[in-house]
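Here's the letter readout for the chains.
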Amino acid sequence: MPAGRAAGAEGDERRAITVTPTIPRSDIDLWSEEVIQAPYAAYRELRDLGPAVWLERYQVYAVTRYDDVYEALHDHDAFASGAGVALNERLNQKMKGSALVSDPPYHDHVRGVMGGPLTPKALRAHREDFQRLADDLIDRLLERGDFDAVVDFAQLFPLSVVPDLLGWPTEGRENFLAWASAGFNALGPMNERAEADIPVLAGMWAFMAEIVQPGRLRAGSWGDDLVAAAQAGTVSKQLLPALIGDYLVPSLDTTVSSLTSAMLLLGRHPEQWRAVREDPALIPNALNEVIRLETPIRALARTVTRDRELSGTVLPAGSRALIVYASANRDERHWDEPETFDVTRANANTHVGFGHGIHGCVGQGLARLEGHALLTALAEKVETIDVGQPEYRVHNTIRAITTLPATLKAST
Amino acid sequence: MKVFVDRARCEGHGLCEDAAPALFGLDDDGELVVRFSETVPAGQEDPADAAVRVCPVGALRRSGES
């Protein structure tokens, strides 16, 4: 680490002294149980320490302010993804060659292949289906009275659309949530949480290797198209399991997180819910505001490929940077009243909750389509949302709620 | 001010249209329509800059920047 050396003694100017500003250090443990359950005070402390803070426990620079996070994400050469975005080598090696863990020009190629069916244009074909499924789900929840917003709402919806779009057979679906959760746990440091999920991931990888055999995934599905691309030599056959995993793993826990947070925040802020109901055109902004305030993926890593300055602090080549999206999304240097949930916030769409730049979430169009369909159904049918106390899950990467009791009252 | 549109990266999320409706739009098929050619018309610099910044997938950039 660059040791900070102040200017020499008075009258000593002739001596060549390099003044390197010291990068602040912190022993904050971003993966301790307390911080995971309530991370925002720790993020603020890190933001106030400087543009980059050396996390002693993890040997990584935390980048936590909005402008620096944005700049790092848009300089994908200096903050590279090809050597991994996890905080452990095991996952970084395993994921190499996926769109997430690659750099241009290869990245652009593989993202182009994967991203085709995920563009808003391509997803238009599913809009009516999604709306009908969302309407049915909200009708059922209204009839039911009390329900768990995690299992019966936030998990149920993506599970009812994603496996079919991927072309998955019936078997293996019961493992999807566990696989998705394990995939994200393993993106953190190799702590006991990540270790515990390695066998789960091994099971997923074995299943993936089998499912990419031609004919296993439904003809014409996203997964089958990818298999066909491998047959045609457009993408590597060896990479198929990782690429299918790239579709599956990020499509669940993240969406589940934001849908649960939407229910929680709209339930806790009846005046905001009223505003959405009175003007459903606010729905896209409301979803952005949910993702800003309770960012589903808290942080991912990059490798610094050359000495790179961020707001006057130089991160040395070869070091690792932790890009803390969930902190940038509450940075008081960028946001007015960052802790306030405001569905009319004018710049809510500048959040970095989907990441930003060339590695920006490839599934964000799908996530928005799901969120908009559900919020549209809720706004049409539901007058009040009552929520109980959420229980947060101790997870390495995702801002995850385990259970949230909820009750909906129909509009009259 | 010049703005470069990377068609290969554009996925049609449409945030540029919200930021600069005089410069960008999505047609009925969801394809990006660029309403200027390279040089941003006078008076549209601020919206153009906002559109470049808000593009979620890095498909817009001020020319001369990589």
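An unreviewed UniProt entry lists chain B under the name Ferredoxin, with Streptomyces hainanensis given as the organism. UniProt's Cofactor (unreviewed entry) comment on chain B is quoted here verbatim: "[3Fe-4S] cluster".

Visitor: Whenever I open this one, the overall build of chain A confuses me. Can you help?
Guide: Along its length, chain A carries 17 helices and 13 strands. Here chain A has a C-alpha radius of gyration of 22 Å; the compact-globule value for 412 residues is 22 Å, and the two agree. Each principal axis of the C-alpha atoms in chain A carries an extent, and together these give about 80 × 55 × 35 Å. Out of the 412 residues belonging to chain A, those deemed buried represent 48%. A separation threshold of at least 6 residues defines the contact pool for chain A, and within that pool the share at least 24 residues apart is 71%.

Visitor: I would appreciate a short explanation of the overall build of chain B in the present structure.
Guide: Helix and strand counts for chain B come out as 2 helices and 4 strands. Traced from its N-terminal end to its C-terminal end, chain B shows the element sequence β-α-β-β-α-β. Its C-alpha atoms give chain B a radius of gyration of 11 Å, near enough to 11 Å, the size a compact globule of 66 residues would have. Seen along its three principal axes, the alpha-carbon backbone of chain B occupies a region of about 30 × 25 × 20 Å.

Visitor: How do you make sense of the nonpolar core when you look at a structure like this?
Guide: Nonpolar side chains in soluble globular proteins tend to be buried together. Counting 123 residues, the largest nonpolar core has Val63, Val69, Ala321, Ile323 and Val324 of chain A as its most contacted members. With 9 residues, helix H17 (residues 364-381) of chain A is the largest single contributor of residues to this core. Apart from the residues within four sequence positions on either side, valine 324 of chain A is in contact with Tyr43, Ala62, Val63, Thr64, Val69, Arg298 and Ala299 of chain A. If you look at the next biggest cluster of nonpolar residues, it comprises 17 residues, including Val3, Ala48, Cys55 and Ala59 of chain B.

Visitor: Just checking my understanding: could you explain the packing of helix H9 (residues 176-185) of chain A against helix H10 (residues 192-211) of chain A for this structure?
Guide: When two helices pack together, their arrangement is given by the angle between the helix axes and the distance between those axes. All names here are of chain A. Orientation of H9 relative to H10, taken along the N-to-C sense of each, is 130°, at an axis distance of 8 Å. When the axis of H9 is compared with that of H10, the two are oblique. Regarding H9 and H10, the two cross each other, and that crossing is left-handed. Contacts from Ala178, Trp179, Ala182, Gly183 and Asn185 in H9 reach Arg193, Ala194, Asp197, Val200, Leu201 and Met204 in H10. Here the contact of H9 with H10 is built from residues that sort into 7 nonpolar, 2 polar and 2 charged.

Visitor: Please explain the interface of chain A and chain B as it appears in this structure.
Guide: In many reports, interface size means the accessible area that the parts give up when they come together. Chain A puts 17 residues into the contact, and the matching count from chain B is 15 residues. Counting residues per element, the ones that place at least two in the side of chain A that touches chain B are helix H5 (106-115), helix H6 (120-123) and H17 of chain A. Top element by residues in the side of chain A that touches chain B is H5 of chain A. It accounts for 3 residues. Within the side of chain A that touches chain B, the residues separate by chemical class into 3 nonpolar, 11 polar and 3 charged.

Visitor: I tried to follow the pairing of strand S3 (residues 60-63) of chain A on my own but got confused; where do I start?
Guide: Every other side chain in a regular strand lies on the same face of the sheet, so the side chains alternate between the two faces. Residue and element names in this part refer to chain A. Covered by surrounding structure in S3 are Val60 and Ala62 together with Tyr61 and Val63, the residues of both alternating faces. In this structure, strand S2 (residues 52-55) lies alongside S3, joined through 4 bridges in antiparallel fashion. Opposite alanine 52, over in S3, you have valine 63 as the bridge partner. Between S2 and S3, which pair antiparallel one after the other, the connecting turn spans 4 residues, and glutamine 59 there sits at a positive phi close to 55°. As defined by bridge partners, S3 adjoins strand S9 (residues 320-323) across 3 bridges and the pair is classed as parallel.

Visitor: So what exactly am I meant to see when it comes to unusual backbone geometry here?
Guide: Of all residues except glycine, most have a negative phi; of all peptide bonds, most are trans. Residues and elements named next belong to chain A. Geometrically, the link from proline 104 to proline 105 is a cis peptide bond, its omega value of 5° lying close to zero. The residue proline 105 is located in the loop between helix H4 (89-95) and H5 in this model. Even without glycine at this site, glutamine 59 takes up a positive phi of about 55°. With respect to the secondary-structure elements, glutamine 59 resides in the loop between S2 and S3. On the neighbour-count criterion, glutamine 59 (12 C-beta atoms within 10 Å) is exposed. Despite not being glycine, serine 311 shows a phi value in the positive range, around 50°. Topologically, serine 311 is positioned in the loop between strand S7 (308-310) and strand S8 (313-315).

Visitor: Even after reading the chapter, I still don't get the environment of valine 60 of chain A, so can you show me in this structure?
Guide: Summarising the element assignment, valine 60 of chain A is placed in strand S3. Setting aside its immediate chain neighbours within four residues, valine 60 of chain A contacts Leu55, Leu87, Ala301, Arg320, Ala321 and Leu322 of chain A.

Visitor: Explanation requested: the pairing of S2 of chain A in the structure shown.
Guide: Residue and element names in this part refer to chain A. Side-chain alternation along S2 places Ala52 and Trp54 on one buried face and Val53 and Leu55 on a second face that is also buried. Sheet topology note: the strand S1 (residues 25-26)/S2 ladder contains 2 bridges and is parallel. Each bridged residue has a counterpart across the sheet, and for serine 26 the counterpart in S2 is leucine 55.

Visitor: In this structure, what is going on with the sheet that holds S2 of chain A? I would like to understand it.
Guide: Within a beta sheet, neighbouring strands are joined by backbone hydrogen bonds and run either parallel or antiparallel to one another. All names here are of chain A. On the basis of which strands lie adjacent, the open sheet formed by 6 strands has the order S1-S2-S3-S9-S6-S4 and mixed pairing. Where the open sheet ends on each side, the last strands, each with one partner, are S1 and strand S4 (79-80). Of the strand pairs in this sheet, S4 and strand S6 (residues 300-304) are connected by 2 bridges, and their pairing is antiparallel. By the bridge assignment, phenylalanine 79 is partnered in S6 with valine 304. Across the sheet, helix H3 (residues 66-74) is in contact with S3, S4, S6 and S9; its angle to S9 comes to roughly 120°.

What counts and what doesn't
- Residues numbered from 1 in each chain as written.
- Chains lettered and ligands numbered in written order.
- Predicted model: local features only at pLDDT ≥ 70, side-chain atom pairs only at ≥ 80, totals over all residues.
- UniProt positions renumbered as here; feature names shortened; annotations may be inferred.
- Helix = DSSP H or I, 4+ residues; strand = E, 2+ residues; numbered from the N terminus.
- Rg over C-alpha atoms; globule rule 2.2 N^0.38 Å.
- Buried ≥ 20, exposed ≤ 12 C-beta atoms within 10 Å, placed from the backbone.
- Contact = placed C-beta atoms within 7 Å.
- Core = buried A, V, L, I, M, F, W, Y, C linked by C-beta atoms within 7 Å.
- Axes fitted to C-alpha atoms, helices over the stretch in contact; angles between N-to-C directions.
- Parallel < 35°, antiparallel > 145°, perpendicular 65-115°, else oblique.
- Left-handed = near helix turned anticlockwise from the far one by under 90°.
- Nonpolar A, V, L, I, M, F, W, Y, C, P; charged D, E, K, R; others polar.
- Pairing = 2+ DSSP bridges.

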